[in-house]
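Residue-level structural notes
The primary structure of each chain is shown beneath.
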Amino acid sequence: MNVPLLDLVAQYQAIKGDVLPLLMGVVERQQFILGEEVGRLEREIAALSHAKHAIACASGTDALLLALRTLDLAPGDQVICPAFTFFATAGTIHNAGGTPVFVDIEPGSFNLSPAAVEAAITPRTRAIIVVHLFGQMADMDALLALAARHRLTLIEDAAQAIGARRQVGGAWRMAGELGAIGAFSFFPSKNLGCWGDGGMMVAQDDAVAARLRRLRTHGGAKQYHHDEVGYNSRLDTLQAAVLLGKLPHLAGWSAARRARAARYTEAFAGLAAICPPRTDPANEHIFHQYTVRAERRDQLVEHLKAQGIGCAVYYPLALHLQPCFAHLGFGRGSLPVTEAAMGSVVSLPIYPELSDAQQDAVVAAVTGFYR
Ligand SMILES: *Cc1c(COP(=O)(O)O)cnc(C)c1O
């Protein structure tokens, strides 16, 4: 049986009745730039994320870039971030004029280690980008306390974590709500994906939100007046319409992903060669990815591909080892937990439309490899 890593066609078949009329509404009104759907989506994402403000933009990468621009980084200013993440987390630090400082992760959650963050703080540190990797929030309690103690801005890269939540101080707090700015991505393969590129920033502070809104349209609040040099980074109205059609399904999709994850973890319980992902008990995970550590990972990947089972390695080369960041001086061995993860992880198919039979085929292929 062929099982793709992700099946967006199956999702489309299930939701097209919700999305296509909204899309056609935009086409009929011909309001493609900042049409009313963009504002509606901003209000809905703000509510979902417990944020006072939400500002839509052209991608998750731009959401991070504009967030970092609000820091007015000077050359040599440092921003701490994980190396075990998608490239945009650190690429945007560079493009906003700062220097990424890579720190190690915790082995169980793959998220930032607060102790490693603290050890990396210098007088030049300005901010921390916390990534909620694979759909599970990082240890925000510890990271927020650190940021407050050292007067650092905390930005949440919540590209993989829309709708994820964590109990902080006895209350459920949403991904994106606790940092100065939270960044979401609507890249098609994300848990809430549009039909192209899209992103969203959330913030609680009025002045920060106003600045993000200006940065999104060439740095001016008033048309043809520019307070600073910004970007052309708007979310298309057509994409906002797609997202409005999909958003009511998100909670159900996340629950279905959790059920799939639990089923995998149960199935792999007797298999010593596979170490299932660990969910921090304080978290409600949305399983953007179901990522295991596997013995003989590269051979397992070959075996799964030969059997028609989709899988992927996120991420095969951590950011501190990328050629473009070689000048920063992080060599092999500098982030041991990250490097162990990149050599052993593999992500398996997980999506709401995955059937029991498909999931059984994935499990059979994995167990078959080791037996
Ligand atoms: C997807 C992703 C981004 C970037 O989002 P785009 O919409 O693709 O630009 C940033 N950070 C992380 C962790 C991501 O997974």
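Conventions adopted
- Residues numbered from 1 in each chain as written.
- Predicted model: local features only at pLDDT ≥ 70, side-chain atom pairs only at ≥ 80, totals over all residues.
- Heavy atoms only, no water.
- Helix = DSSP H or I, 4+ residues; strand = E, 2+ residues; numbered from the N terminus.
- Buried < 20%, exposed > 50% of the residue type's maximum accessible area, 1.4 Å probe, protein only.
- Contact = heavy atoms within 4.5 Å.
- Areas by Shrake-Rupley, 256 points an atom, 1.4 Å probe, with all protein chains shown as cover.
- Lys, Arg positive; Asp, Glu negative; His and termini not counted.
- Charge placed at Lys NZ, Arg CZ, Asp CG, Glu CD.
- Near = heavy atom within 4 Å.
- Polar contact = N/O pair within 3.5 Å; in protein donor to acceptor, adjacent residues only side chain to side chain.
- Nonpolar A, V, L, I, M, F, W, Y, C, P; charged D, E, K, R; others polar.
- Domains from an automatic or database assignment.
- Buried area = accessible area lost by both parts, 1.4 Å probe.
- Salt bridge = Lys/Arg side-chain N within 4 Å of Asp/Glu carboxyl O.
- Pairing = 2+ DSSP bridges.
- Right-handed = clockwise from strand over helix to strand, strands pointing away.
- Expected span 1.5 Å × (residues − 1).
- Axes fitted to C-alpha atoms, helices over the stretch in contact; angles between N-to-C directions.
- Parallel < 35°, antiparallel > 145°, perpendicular 65-115°, else oblique.
- Left-handed = near helix turned anticlockwise from the far one by under 90°.

1. Brief notes about the overall build of the protein
- When helices and strands are tallied, the protein shows 12 helices and 13 strands.
- For the protein, the C-alpha atoms occupy an extent of roughly 65 × 55 × 40 Å along the three principal directions.
- Here the protein, with 371 residues, has 55% of them falling under the buried criterion.
- A separation of at least 24 residues holds for 72% of the contacts in the protein among residues at least 6 apart in sequence.
- Summed over all atoms, the accessible surface of the protein reaches about 15000 Å², with 55% contributed by carbon and sulfur.
- Each charge class in the protein was averaged separately, 32 positive and 34 negative side chains, and the resulting centres sit 1 Å apart.

2. Topic: the site of the ligand
- With respect to spatial proximity, 16 residues lie near the ligand, and among them G60, T61, D157, S185 and K190 are the closest.
- Within the side chain of T61, one N or O atom sits 2.5 Å away from an oxygen atom of the ligand.
- One nitrogen or oxygen atom from the side chain of S185 is found 2.6 Å from an oxygen atom belonging to the ligand.
- Burial of the ligand by the protein amounts to 93% of the accessible area it has alone, namely 380 Å².
- Counting residues per element, the ones that place at least two in the shell around the ligand are α3 (60-69) and α4 (88-95).
- For the shell around the ligand, the class distribution of residues is six nonpolar, eight polar and two charged.

3. Observations regarding the domain arrangement of the protein
- Taken as a whole, the protein is organised into domain 1 (8-247) and domain 2 (249-370).
- Using C-alpha coordinates to define each centre, domain 1 is positioned 24 Å away from domain 2.
- Residue-level contacts link 47 residues of domain 1 with 34 residues of domain 2.
- For the pair domain 1 and domain 2, the summed buried area comes to about 3600 Å², and 62% of that belongs to carbon and sulfur atoms.
- Per-residue buried area on domain 1 facing domain 2 is highest for F102, F134 and N191; these three make up 21% of the total on that side.
- Along the contact surface separating domain 1 from domain 2 lie two salt bridges.
- Here domain 1 and domain 2 share 23 residue pairs in polar contact (both at pLDDT 80 or more) between them.
- Residue assignment for the side of domain 1 that touches domain 2 shows that the elements contributing at least two residues are α1 (8-29), α4, β3 (99-103), β6 (165-168) and α8 (237-246).
- Sort the elements by how many residues they give to the side of domain 1 that touches domain 2 and β3 lands first, with five residues.
- Class assignment for the residues of the side of domain 1 that touches domain 2 results in 25 nonpolar, 15 polar and seven charged.

4. Considering the pairing of β3
- Among the five residues that make up β3, four are buried, leaving the element largely enclosed by the rest of the structure.
- For strand β2 (residues 78-82) and β3, the ladder comprises five bridges, and the chain directions are parallel. Opposite V79, over in β3, you have P100 as the bridge partner.
- For the handedness criterion, the β-α-β arrangement of β2, α4 and β3 is classed as right-handed.

5. Overview of helix α12 (residues 356-370)
- Between the first and last C-alpha of α12 there are 21 Å, a value that for 15 residues agrees with the 21 Å anticipated at 1.5 Å per step.
- Q358, Q359, A361, V362, V363, A365, V366, T367, F369 and Y370 are the residues of α12 that are buried.

6. Quick word on the sheet that holds β2
- What the seven strands build is an open sheet, ordered β1-β9-β8-β5-β4-β2-β3; its pairing is mixed. Bordering the open sheet on either side are β1 (53-57) and β3, each of which pairs with just one other strand. Neighbour to neighbour, the strand axes of the sheet diverge by 25 degrees on average, direction disregarded.
- Pairing geometry for strand β5 (residues 153-157) and strand β8 (residues 181-185), over three bridges, is parallel. Across the sheet, residue E156 finds its bridge partner in β8, namely G182.

7. Details of the packing of α1 against α8
- As a packed pair, α1 and α8 sit with axes 8 Å apart at the nearest point and diverge in direction by 135 degrees. The pairing of α1 with α8 is recorded here as oblique in orientation. Classified by chirality, the crossing of α8 by α1 is right-handed. For the pair α1 and α8, the contacting residues are Q11, I15, D18, V19, L22, L23, V26 and V27 in the first and T237, L238, A241, V242, L244, G245 and K246 in the second.
- Residue classes in the contact of α1 with α8 are distributed as 10 nonpolar, three polar and two charged.

8. So, the packing of helix α10 (residues 297-306) against α12
- Axis separation between α10 and α12 bottoms out at 10 Å; the angle between their running directions is 130 degrees. One finds that α10 runs oblique with respect to α12. When you trace α10 past α12, the crossing you get is right-handed. Along its contact with α10, which presents Q299, L300, H303 and L304, the element α12 presents A365, V366, G368, F369 and Y370.
- When its residues are assigned to classes, the contact of α10 with α12 shows six nonpolar, three polar and no charged.

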